[in-house]
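# A closer look at the structure
The lines below spell out each chain.
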Amino acid sequence: MGRRPSNKPTSFDIAYLAGVSQPTVSRALRGSKAVSLATRQKVEAIARQLNYTVDKNASSLRSQRANTLALLFFEDPTPDESNINPFFLSMLGPITRHCAARGLDLLISFQKLDDDWHKKYQESHRADGLILLGYGDYTLYEARLRQLVRSGTHFVRWGSVDQGTIGATIGSDNFGAGRLVGEHLLARGRRAIAFLGQADPHYPEFQQRHAGFLRALETAGIAADPALFVDVISSEELGYRAARTLIERGRPFDAIFAASDLIAIGALRALNEAGLSVPGDVALVGFDDLPAASLTSPPLTTVMQDMRHAGEALVETVLAQIDGRALPPSVMPTRLIVRGSTGG
């Protein structure tokens, strides 16, 4: 006699109606890519018809998992008291949506880089894996990453992707984006282009953006002028000071590539105070495409990073580790958003 769904439907009921095994149902409802799309859709449709919901507690007991990921923000200098870079806040939506789609809970916390955050989640077993956003000085962060690798902690981070990458990493094509910005400004007829950003091993993403920019200058046969380079980390106030420093040096320049939108927004204020028009006297480009970038006057030309796919990739990469699979570092594409600050 065939199995009939019980008053409280189970995964075995779904398996019977779908003509698959119960483990296949479990994998399908977790969104596992080991199950074909057609089978996943069939299982999900039957689950909806039966008003079936996953018993997370039972699932966790069977798998010895918390079915939870932890998202850790690290402090970053900001003009308000949040101390969270707004770029990383823009990643929160895609990450939370994809966790929900995968039936996962997400713990969100704010960490100081010099705290023992790397031990807290590892020892408490509150989360199956970590997603790390922001890091300030990479040379300080690097030691903690090595400890996570040695301890076997499942984690993925957003950052620079290169040969020396430690642990699972998702990041943008910073070199390619920097070169794209350089080519754009050169095509606008700019030749004395300044760079604002700390381009060294402490801030490897800025370093890669600067390297791509230099490649564009080199290809065009233009030598970079060291006097048009100012070290600065991602802060609106520090971007303002960096642009003031650049102006006070007295070396002519007709464009600025700022390593972040926050730096660019601060620089725009300094240029306005100095009576320099944008883009008439100075073309200006930022990086990140923060919501504020389209609200400046003029609106800011900037580089957009693919936040939606980045959020999905971060979640899927740490889940692959939990399932015993290692995914290679992933480089996300970028796109130049041309607005009024370079002549639109």
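The structure this text deals with has already been given above.
As a starting point, this report considers the structure included with it.

## What about the environment of glycine 176?
With respect to the helices and strands, glycine 176 occurs in helix H9 (residues 174-187). The spatial distance from the C-alpha of glycine 176 to the C-alpha of arginine 215 is 9.5 Å, given a sequence separation of 39 residues.

## Digging into the packing of aromatic side chains
Under the counting rule described, the total for this entry stands at 7 aromatic pairs. Between phenylalanine 87 and phenylalanine 88 the ring centres are 5.2 Å apart and the planes differ by 65 degrees, which places this aromatic pair in the edge-to-face class. With relative accessibility at 8%, the residue phenylalanine 88 sits in the buried group. Centroid distance phenylalanine 87 to tryptophan 158: 6.2 Å. Interplanar angle 50 degrees. Geometry classified as tilted. Here tryptophan 158 lies in strand S4 (residues 155-158) and phenylalanine 87 lies in helix H5 (residues 86-89), a separation of 71 residues in the sequence. Among the residues examined, tryptophan 158 registers a relative accessible area of 1% and is labelled buried. In textbook terms, an aromatic cluster arises when at least three aromatic residues are bridged by ring pairs, as seen for Phe195, Phe213, Phe229 and Phe257. Just above the ring of tyrosine 240 sits the side chain of arginine 269; from NZ or CZ to the centre is 3.9 Å.

## Quick word on the sheet that holds strand S7 (residues 229-230)
One key point about sheets: their strands pair by backbone hydrogen bonds, in either a parallel or an antiparallel sense. Spatial strand order, S7-S6-S8-S9: 4 strands in an open sheet with parallel pairing. A strand with exactly one partner marks an edge of an open sheet, and here the two such strands are S7 and strand S9 (283-285). Here 2 bridges tie strand S6 (residues 193-196) to S7, and the two strands are oriented parallel to one another. Considered in S7, the bridge of leucine 196 is made with valine 230. Running over the sheet, H9 touches S6, strand S8 (255-258) and S9 and is turned about 165 degrees from S8. The sheet strands contacting helix H10 (residues 204-219) are S6, S7 and S8, and the helix crosses S6 at an angle near 170 degrees.

## Quick notes on the pairing of S4
A regular strand places its side chains on the two faces of the sheet in alternate fashion. Of the two faces of S4, both are covered, the one formed by Phe155 and Arg157 as well as the one formed by Val156 and Trp158. Judged from the 3 bridges that link them, strand S3 (residues 129-133) and S4 form a sheet pairing that is parallel. Bridge pairing in S4 places isoleucine 131 opposite valine 156. As for the winding sense of the linkage, the β-α-β connection from S3 through helix H8 (residues 138-151) to S4 is right-handed.

Definitions and cut-offs
- Residues numbered from 1 in each chain as written.
- Predicted model: local features only at pLDDT ≥ 70, side-chain atom pairs only at ≥ 80, totals over all residues.
- Heavy atoms only, no water.
- Helix = DSSP H or I, 4+ residues; strand = E, 2+ residues; numbered from the N terminus.
- Phe/Tyr/Trp six-rings, centres within 6.5 Å; stacked < 30°, edge-to-face > 60°.
- Buried < 20%, exposed > 50% of the residue type's maximum accessible area, 1.4 Å probe, protein only.
- Lys NZ or Arg CZ within 6 Å of the ring centre and 35° of its normal.
- Pairing = 2+ DSSP bridges.
- Contact = heavy atoms within 4.5 Å.
- Axes fitted to C-alpha atoms, helices over the stretch in contact; angles between N-to-C directions.
- Right-handed = clockwise from strand over helix to strand, strands pointing away.

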